[in-house]
Structures are given as structure tokens and as C-alpha cells.
Amino acid sequence: MTAVLPLSAILIFAAPISAVLISFFLVRPFKPRWTHWPILISCAVVAVSAVRIAMRVYTTGPLDVTLAQWMVAGSWSLSFGLRLDGLSSAVLAMVAVVGALIHVYAAGYMEEDECMPRFFLFFHLFYLAMIGLLTSNNYVQLYLFWEMVGMASYYLIGFWYHKATARRAAMQAFLVNRVGDFGFMLAALLLLSAFPGSGARFTAVFPAVAKAPPALVCAIGYLLFWAATAKSAQFPLYFWLPDAMEGPTPVSALMHAATMVTAGIFLMARSWPLIAGVPHLPHLIAWVGAATALGAGIVAATKTDLKRILAYSTVSHLGIMALGVGLGEIGAGIFHLITHGFFKAVLFLCAGNIAHGLGKPTATVDEAGGLIKKMPLTFVCFTVAAFSLAGIWPFAGFYSKDAVLDAAHAFGPGMGLVASAIGFMSAFYIFRMLFLVFLGPRPRQEGGEHGGHHIHEAGLWMGIPVLLISIGAVCVGWFGGQLQSLLSMGWMAAAAPTVPHMKVLEAWPSLALAFAGAAASYWWTTIKPNWDWDWREKSPALAAVFASDFGWKPAMAWVAQAVVALSNWLGLSLDKGSWDRLIEASAEGAVEAGGAGAALATGSVNDYVWWMAAGVAVLLLAVLFL
Amino acid sequence: MIFSPLTILWALPIVGGFLALALRSGKRAGVFSIALSLISLAFCALLPWREGAALAVTGPAWAYGIHYALSMDGLSWVMCLLNAFLTVIALVSSLGEERSAGYWAAFLFLEGALMGVFLASDLFLFYVFWEVVLIPMFFIIGLWGSANRKHAAVKFFLFTFFGSVLMLLGILALVTLRHRATGVWSWDMQGLQGVATGPAAWAIFAALTVGFGVKVPIVPLHTWLPDAHTEAPAAGSIMLAGVMLKMGVYGFLRIAIPIFPHLSWRLLPWLAAIAAINIIYGAFCALAQSDLKRLVAYSSIAHLGFCLVGVFSRTVEGLAGGTLQLINHGLTTGALFLMVGILYERSHKRGIRDFGALFGQAPWLTFFFSFSIMASIGLPGLNGFVGEFMSLAGAARVLPILAVAGVAGVTLAAAYALPAYQLVFWGDRGPSSVSSHVTDLTVREQALLWVLCLGMLYIGLHPSGLLSVITPATKGLAL
Amino acid sequence: MNQAVWAVCFALFAVGLSLLILRRELLVMLLGLELMVNAANIGVVYGASLTGDAAGLSAALLIIAVAAAEAVIGLSLILRVYQSGRSPESDVLRELRG
């Protein structure tokens, strides 16, 4: 097996597994504050190996190998396998590098937390699971890592389990993802029945899609999309993501921005050979993505908690990625996935710096203001990332985001209008955040003086990773051509994905929209410094509409209550109350019948003689007449 | 020749039980019983049976063609192994409190009788062992259980006895019909296909289904289970959920389906509905519970629904998966009942809301509980997923709507398990009078849980070992 | 002639049975029991005389002996009840109630 697998492919698994085991069994019992060292070393190994894998696939092509048997029954079998092609290695490289840097950031962020060892163990388990998800060669193994990622997310969101909001958010995240996993598991089962003998391997399924029963393929496609809406936070199952910000900032940065939530997009890109042929599904994906992107973008512009703004922004950008995929522009969608990983991570880490500087888990706009002087490094990184997010040339976001929005314009006028709105809103909300936090401070803001804390720039552990990732947020966009070549390696559909090359002069409409959004936000945050607070007070009803996500959050709360009510009815009043009572009543009936029988034995000899005489008479009659 | 390894397998614990009673002192009986159960486990694991050369022993005929006949194939072997293993776990877990000699003896009797059920290949012998199983369990619940134990023990006994009587009627009918057809009195399990036809076949299959179904338990016939589990001592629950519930599915695999292969296939929609209702109804009921033991009891009903799904699908992977799930469920639920028992032993409370923030003072307990809960809800990589997935894969091939119900059950499992886990182990600190008593695991308890959890992980990633034993035994039933 | 004897026989039996069922006092119930036995004896004797079967007559003698023995036992039991001070009535002596 070692002859078949390159060393880097072995290392991306061996390093995290051994790091977790060493940390848990050897380091933690004796020197808990050093738990993160084996893990950081493992991160370095993984990051280097992932980049080497990408280079290898780029030059020599894909690798797909079955490693070991998993479940076997007769001729039915599932196995573990590795697939390193363009798609997986491109996303893997981003995940590995960004993830490694966020581990370093976490070493600084979680330094004073007494549960730091537990944090790093789960964080690294998540890292391992994500690597496994990206490199799986069949749907069931992908599902294994998909769920493992969800489990890690549960424990990490609920890391500060003393807080009721964190507990609730963790449970919500897990349950909503489980509802999505309903789709994935069912799709995997249907895949095994529609493609017998394939073991749900991609290389066996995709070439045979045309010959499989179309109804099953249709169902599988829609179910996979359902699963992706949960994991990648699209409407209707997106609402767990904003609340997931209860976790520590490294968690939000890595999982809920750069990696875990992109798993759904990755799944759809991976399944494109199957999805492309399902009628109406690609268009559905595109429209759901577009609607989610716009809706989330609007709500992001109304939030005051820094991480919540970024959470809705993530939902919005996932919508953009879904839009790209749905329109058939897989290359653009994946490109945006990669650039988004960089600039969103930077934004989250900067928000983390601000919160950490204030000594709180998260910060709001009210506590910030005028931080440009007190946190210059954070300001620079944030600005770079903001420009990238808004899609301004020559930053990374321009090349990816505008490629998707361009394709949307080409699709049709309606979609084009939505795309324009998305472009405008993205710039609006991120520049609103930039101006509100770093310019000022405004009358309603504290300017970084919260409860005696004077905000200051973060230390080296936290500052350097942010800097390094921001470099990515600037430069990654320049490698669109290389990405296109990479993606074509091992692509399993007919047409390899293309990454459109955006030229600044041709893209002037979207640049203009971005600048318009930035200018509008400048107007409403700096030229009118109190506007952001005033509109909430003047129209509380409108504020309530945005706060409830256009009414979707109360609807979901109602669904949860209905489930609990149904279970109470079934479990308590039906099962214990009615059915069990009935059964126990049969026992009581037997006792009653016995009592009635016992009542015949009165103890009086006369009665007994009477019964005897009657019995004899009956017998006599029977003998005489029968 | 009656004397054979198979006879030793069931007779050893029974004789040991009598010896334990004779020892009088609870301490000595305890040590003796644990030693004996370990010997029994080793003996079972090392039995020299091979596929194609199954062990069997037949004794002289008694009356009406009743023979003393035992046999062991892959299915029987894994069930006996599960029985022996969980007996060890149950006995070692009982060392925490003072127990009388009768307690230890009861578990040994239970182990022996269960071995007999899984080994018998004569229908009369099967019935005798089936009924004998009820007796030690009745005493375990009734003498050493919780507050409402007498009611629960009587309810358990009468309810399952009712089912067994129906099963007996079915068996008697089959044997009589065979006698009528061939003129020979024989109670052998083989050779009964085609003996019953028409309405008689329907009636007999229904009787057998009810008889086995009460043990599984199938949903309308399940109400004995929550009470029995809640009132039984922890070790009793481990044996009850871990092994006794499997008797029902074993009965389907060994008797009902082989004798009625075509009728059970024709009735697939009904049987599938039964399994699906088990899964969904069990999950919803578990959601509503506030007593930890009751919650695990209802979750057992849901898990056994998955086993039935696999078995009724009559596909190779479904049968193998459903049978494997019997073992997985034994491990997972055994671990969960073990830990709930530990909680009860320490604090005398079982309610979900009675605790809070136990993570702080009992981190190892939390770790193992998380692990087991994740296995129970079917997290891939652990054992629960393998059995459920294979069963549902079989169902998807045969009746897709059944797979939909099954996956819905998987989704619901998280809904009932996680809130309970969170309330007990995370959450705000509960009344200190309760929580402060819950100290972390002792070395003995940790050892038991490491064994169980490593087993869950191993089976989850590498089930081929067990599957290679189970599949040849069950694939004969596949269509 | 036949009918008269059988009528007497059944009438005596009926009287004895009714005494046994309807009266509470133990001595009266014993009386009724004796009446029933003797009524049956009349029937046996008359039947034997009709068929000329000597065995029937010896059966009648046996019945008389058994009735005497049983009357002795019954009377001694009732005597014990009297001596124990309890009221010798069947609705009072009800220990074997269900």
C-alpha cells in the first residue's frame, strides 16, 4: 500500500491521528498546558503535505485508491478509500493552510482558558475529519467524515458549556445538521441500491448515472442538495449558523467560515456529474443560493454583534458559492470557496482580536469605534479582507466573486438583478462594519474602553497568523488559471470546470456597485454617525423583522415546539396514559373476575349444598337426555 | 452422547449458580461468580466450531419425539458470546454494593438459560429454556430492584409469559401438523417448511410473531419494557436489554422465518410497518421521557426496530446488518445502563433534571457517556452506524419507504439523546445534595467502560471480523 | 303400588334435601341428611324386591350401617360445637369463606 500512496497522503492522516493520541494519552495527563504542541507540529506537517499533494496532482494527475474493506456481506461491500484529484486537493490545500494558521492563532486566543487542552483535542479532531471528508473516494466514507465534522462542531460550539446560550446553540447546530443528514444518509442508501456493486464510489457511480433509474437519480440529487443546505447554511436550514457564533472565535473562523460550512458546496461540486442531469435541480440550487445570499446580506447589514455580522456574511457568501455551482460554473464556485476561506478567516480573526482585547467572548459595535489608532495591524488586515470580500480589484475576492456574479448576469435579467443587489449589499455591510468599528468613535460607542479594559493590539501568536492569511486574501485570486488546470485533473463529468478570468476593465459594473455600496455605508455610518442606532429606535417593527430573519426563526421555533408536543403526546398520554392503562386494566379485570369468583365461596354449607344439588341435577338431565 | 462442549456451555453457569447459592456469603459468591463467568466467556470464545462443520449434540429421544438436541452455527455463537461477555460486565459492575449470594446465583442461572435458548435445536428444549429465562429475571427485578419492583416484575413475567404461551401454541400446531403429514413425532427445528398451509399457516405465523414480538418488543406489545428496565437493578438492565431482548429477533431468525419463508415475504409490508413503527414511535416516546432509564428503554425499542428492518428485508446485507446490530445494541445499551446505574448508585436519582454540570466533577463519566451516546445515535465510525446502515441498505433495495422511516429514526435519535446528555452533564449545577455525590469513575468502572467503548470503536471501523461469522449463518434466509 | 313407593321415596328425599338447604341449625341439617339417606335406602330396597336381587338387599343393609356411622360422627362434631360455646348454626360457622 505504501508503494501506491505518496508519503504526503499518508501524513495528512497519520499526523493528526498520532497528534491527538499523543496529546490525549501522553501529554494531557502530565503537562496539560503543552497539549497543543504535538498538535501544532501536526498542523505544520499537514499543511506542507497538503500543498505537496496539490502540486503532485497538478503535475501528475489524480489518484484514486481503495485502502481497506469496511463492511462486507456477501457481494455487498463498502470500503475505505482515498481520492486525490483536482477538486479535493485544491480545497484541501486551503483548508490545511488556513486551518494550521488558525491553530496557531488559537494557541494565543485560548491561552488563558483553563480548558485549553480539551479545546485543542476537539479542534484537531475536526481538522482530521475535514481532511477525511475532502479526500474520501465514496459517498459513505464522505458521510462518515461529514457526521464526524458535525460532532466536533457540537462539542466546540458548546465548549463553554456553562453558558446556556452556548448549549442551546450547540444542540441546535447538531439537530439541524442531523435533519440535513437525513437527506445524505437516504441518498447514500439509494445510491447503493441504484448502483449495485459500486460501494458508492465516485468512480463507479458517475459513469453509470445515465443508465440508472432516473427517478432514483432525481431523488438522490435532491436529497444531496437538502443535506448541503443544512451543512452550508442555505435557506431553509441555515439558521443554526448565526447562533453557532457562541463558540470561541477560532472555531467560528475555521469551522463556520472557512471549512466545515463549505462541505456542502464541496459535496455539490463533487456530485456535479450526477446533479447536472437531474431536471430543475441546478436551477433550484442557483435560485436558493441567490435568495439566501441576498436575504442574508440584508440581515448582515442590520446586526450589531461583530461575529453575527460575519456569520450572516458567511451565509451570504455560501449562497454565492451555491449560485455558482447551480449555474454550472463549478470552477467559479470553488474558486470563491477558496478565496472566501482566506478573507473570511481574516475577518473573524480580527473580530476575535477585538473581542479578546476587550476581555469578552465577542464584541458589539457599541463597544468598538475608533479602533484604527489602537489596533492598526488589525485595521490593515481587516481592510484588506473587506476589500477582498467586496470584490474589489486586485484583491482575491474580485476574481472569484465577480466571476460568479458575472455568470448570474449571463443567466437572465431576474438573476442578474439579484446578483447586482448581492454585490451592492456585500460591499455595504462589510464597509459598514469597517467604518463603525475602526472610525469614530461615535457618541453611542465606547471606543474600546469597556468596563475598565483598554483595548490593545493582540500578541504575536494571534497577530502573525492574521497577517499571513491576509496575504492569502490578497494574492490567492491571481492563480485562477492554475486552479482551472488543477480542477481538470480527475474531473468526472464531460466538461472540465472553467475559472473565468476577470479583467478589471470589463468588470467595471460590479466594481461600480461595490464602490457604491462602500460609499453608501460611509454615508450612513460616518456622515450620519447616529443613523445606525436611530433607525432601530424609529422603526422597531422593521428591526424586529430583520432580527427574526424575515420571520423564519420563529417559524423554526414553532416546528421544534410541535415536535416536542407530539412526542409528549405519544410518549406520555398515549403510551403511558392510554395504552399501558388499557393493558394494566386487563390485569385489574382479571383480579375483578377472580374476586367475583371468590364471592361464590360464601362459607355457608347451605349454599354449597345448593350448588351441589344443582350440579347433580344438571348432570342427571345431561345423562338422561343427551 | 449428551456430554459435549455445548452442554458444558449452558450447564456450567447453572451448576455454578447452585454452587454460588451454597457459598452463603455474598462476597465469596460474588468472587466465585465473576470467576465462573470469565471462564464461561473464555470457553465460549475458544469453542472449536467452524463454518460448515457446526457443532451439534443429540441425545436420546424422550417422549413424542422430543430430543435433547443442541447445535451451534455462526449466529448462535455470536449470541452466546454476547451473553457471556455481558454477564461478565453485569457481574463486575455489581461489585459496588453489598449483594447476597442469591443475587449472584440468579445471574448465573440467567446466563445458563440464555445459552440454552441460543443453542437449542429441538423446539421443546427451546421452549423450556425460553421459559426458564424468565425465572431468574423475575427474581432479579422483584427482589433487587427499585421502589416499584414487585409490580414491574409481575408485569414483566405475565406479559412475556402470555407471549410465550402463544408461541407454544404455534409450535404445538406445527409439530402436530408434521405428525399428521408424516406420521412421525419430531420436534426438530428443521424440516417444518410446508407443513402448514392456508389459514393454518397464517394463524401459526401470527402466533409465533406475537410470541417473539413480545420479547423484541414490537410496539403494541412493548409496555412491559419501560417498567421492567426502570425498576431492575443496573446489572439486570444490562442483561435484559443486552441479551434478553435479542431472544425475540433470534426467534424470528431461527424459527419463524425459516419455517415460513414465503409467507413472511408476502407479509413484508406489514412486517415492515411494524419495524418502522418501532423505530419512529420508540424515538418519539424516548423524547418525552424525563427518567434516564426509561429513555434508554424506549431507545432500545427504536434500535431493535432497526434490527427487524434488516431481518425482514431478507437481503444479505440487511440480515447481516440486523444481526450485527443485535450485538452492537448489546454493547452500547449495556454501557449506557452501566453508567445510569453508576449515577443512581451514587445519588439515588435517575431524572434528567436532577443533575447538572456533572462534567466538572466526573469528566471520565462524561467522556464515556458521550462516546456511548454517539454510538447509540449512529455516529459513523462507531458500531451503531454499521448495523443501522447495513439494515437500511437492505431495506432500501427492497422497500424504499422503509428506508425513509429508518433514516427518520436516525435523525430523531439525536433529538432524544442529546438534550438528556446536555441536561445531565452540561447545564447549570443541579442541587448540590445530588451532584456532589456523583464522584468520578473508579478503576473497576473505567476498565469496564474502556472495554465496551473500544469494542464500539473497533466494530465501527472494522466489523468484518464479526460479519464474516454472521453472514454465512444468516445469508441462507436471503431471497 | 309402584308409584306410591317411588313417590314416598322421592318425597322423603325432597324433604331431606330442603331441610339441608333451607335450615340453619346443624342438628336439623343432620336430620335432613339422614332422611335423604333413608329415602335412598327405600328406593334401593324396593328396587331389589322388584328384581329379586339379593345383592341389592345387602347393599341396603350396608347403607344402614354407613348411615349409622356417619350419624355418630356428625353428632359428635355437633356436640363439640355445642361444647365450645359457639352457636351451632351454619351461617355463623363460616371460616372457609372465599
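Residues numbered from 1 in each chain as written. Chains lettered and ligands numbered in written order. Predicted model: local features only at pLDDT ≥ 70, side-chain atom pairs only at ≥ 80, totals over all residues. Heavy atoms only, no water.

This brings us to the overall build of chain B. Per the secondary structure count, chain B includes 20 helices and two strands. Relative to the globule expectation of 23 Å for 479 residues, the C-alpha radius of gyration of chain B, 21 Å, shows essentially globular dimensions. Projected onto the principal axes, the alpha-carbon positions of chain B cover approximately 70 × 55 × 40 Å. Considering chain B as a whole, with its 479 residues, one finds that 67% of them fall into the buried category. Sequence separation of 24 or more characterises 81% of the internal contacts of chain B that already satisfy a separation of 6 or more. For chain B, the exposed area adds up to about 15100 Å²; of that, 70% sits on carbon and sulfur atoms. Distance between charge centroids for chain B: 4 Å, based on 25 positive and 18 negative side chains. (Helix = DSSP H or I, 4+ residues; strand = E, 2+ residues; numbered from the N terminus. Rg over C-alpha atoms; globule rule 2.2 N^0.38 Å. Buried < 20%, exposed > 50% of the residue type's maximum accessible area, 1.4 Å probe, protein only. Contact = heavy atoms within 4.5 Å. Areas by Shrake-Rupley, 256 points an atom, 1.4 Å probe, with all protein chains shown as cover. Lys, Arg positive; Asp, Glu negative; His and termini not counted. Charge placed at Lys NZ, Arg CZ, Asp CG, Glu CD.)

Chain A puts eleven residues into the contact, and the matching count from chain C is 13 residues. Of all residues in chain A, the largest losses of buried area upon contact with chain C belong to G603, N606 and V609 of chain A, amounting jointly to 47% of the total for that side. For the pair chain A and chain C, the number of links is zero salt bridges. Where chain A touches chain C, the interface holds five residue pairs in polar contact (both at pLDDT 80 or more). In terms of residue count, the dominant contributor to the side of chain A that touches chain C is helix α26 (residues 605–625) of chain A (six residues). Here the side of chain A that touches chain C is built from residues that sort into seven nonpolar, four polar and no charged. (Buried area = accessible area lost by both parts, 1.4 Å probe. Salt bridge = Lys/Arg side-chain N within 4 Å of Asp/Glu carboxyl O. Polar contact = N/O pair within 3.5 Å; in protein donor to acceptor, adjacent residues only side chain to side chain. Nonpolar A, V, L, I, M, F, W, Y, C, P; charged D, E, K, R; others polar.)

Moving on to the arrangement of the chains. By contact count, the leading pair among the two pairs of chains in contact is chains A and B. Without any contact between them, chain B and chain C keep their closest C-alpha atoms 23 Å apart.

Further remarks concern the interface of chain A and chain B. Taken together, the contact between chain A and chain B spans 50 residues of the former and 61 residues of the latter. Regarding the contact of chain A and chain B, the summed buried area is about 4800 Å², with carbon and sulfur atoms giving 73% of it. At the junction of chain A and chain B, the tally comes to two salt bridges. Put simply, D580 of chain A and K155 of chain B hold a salt bridge, and the shortest N to O gap is 2.8 Å.

Attention shifts here to the domain arrangement of chain A. It is common to give the size of an interface as the accessible area lost on bringing the parts into contact. Residues and elements named next belong to chain A. When cut into domains, chain A gives domain 1 (7–550) and domain 2 (552–585). For domain 1 versus domain 2, the separation of C-alpha centres amounts to 37 Å. Domain 1 puts nine residues into the contact, and the matching count from domain 2 is four residues. Between domain 1 and domain 2, roughly 580 Å² of surface is buried when both sides are summed, and carbon and sulfur atoms account for 64% of that area. Three residues, F235, F239 and S548, lead the burial of domain 1 against domain 2; their summed loss comes to 53% of the area buried on that side. Counting every contact that joins domain 1 to domain 2 gives zero salt bridges. Put simply, domain 1 and domain 2 have five residue pairs in polar contact (both at pLDDT 80 or more) between them. Tallied by class, the residues present in the side of domain 1 that touches domain 2 amount to seven nonpolar, one polar and one charged. (Domains from an automatic or database assignment.)

The next subject is the nonpolar core. Ranked by size, the top nonpolar core spans 426 residues in total, and within it I430 of chain A together with F389 of chain B carry the most contacts. When residues of this core are assigned to domains, at least three map to each of domain 1 (7–550) and domain 2 (552–585) of chain A. Excluding its chain neighbours within four sequence positions, the residues that come into contact with I430 of chain A are L310, L347, F382, A386, L389 and A390 of chain A. V609 of chain A together with L20, I21 and M36 of chain C belong to the second-largest nonpolar core, a separate cluster that totals nine residues. (Core = buried A, V, L, I, M, F, W, Y, C linked by side-chain atoms within 4.5 Å.)

Here we take up the pairing of strand β2 (residues 67–72) of chain B. Working note: regular strand, side chains alternate between the two faces of the sheet. All names here are of chain B. Here five bridges tie strand β1 (residues 55–61) to β2, and the two strands are oriented antiparallel to one another. Paired with L55 across the bridge in β2 is M72. Hairpin remark: β1 followed by β2, antiparallel, with five residues in the connecting loop; positive phi at Y64, about 55°. (Pairing = 2+ DSSP bridges.)

This next bit is on the packing of helix α2 (residues 26–45) of chain B against helix α4 (residues 101–119) of chain B. All names here are of chain B. Running from amino to carboxyl end, α2 crosses α4 at an angle of 20°, the nearest separation of the two axes being 8 Å. Relative to α4, α2 is oriented roughly parallel. In this structure, the crossing between α2 and α4 has a hand that is left-handed. For the pair α2 and α4, the contacting residues are G26, A29, G30, S33, I34, L36, S37 and S40 in the first and A101, W104, L108, E111 and M115 in the second. Partitioned by chemical class, the residues of the contact of α2 with α4 number seven nonpolar, five polar and one charged. (Axes fitted to C-alpha atoms, helices over the stretch in contact; angles between N-to-C directions. Parallel < 35°, antiparallel > 145°, perpendicular 65-115°, else oblique. Left-handed = near helix turned anticlockwise from the far one by under 90°.)

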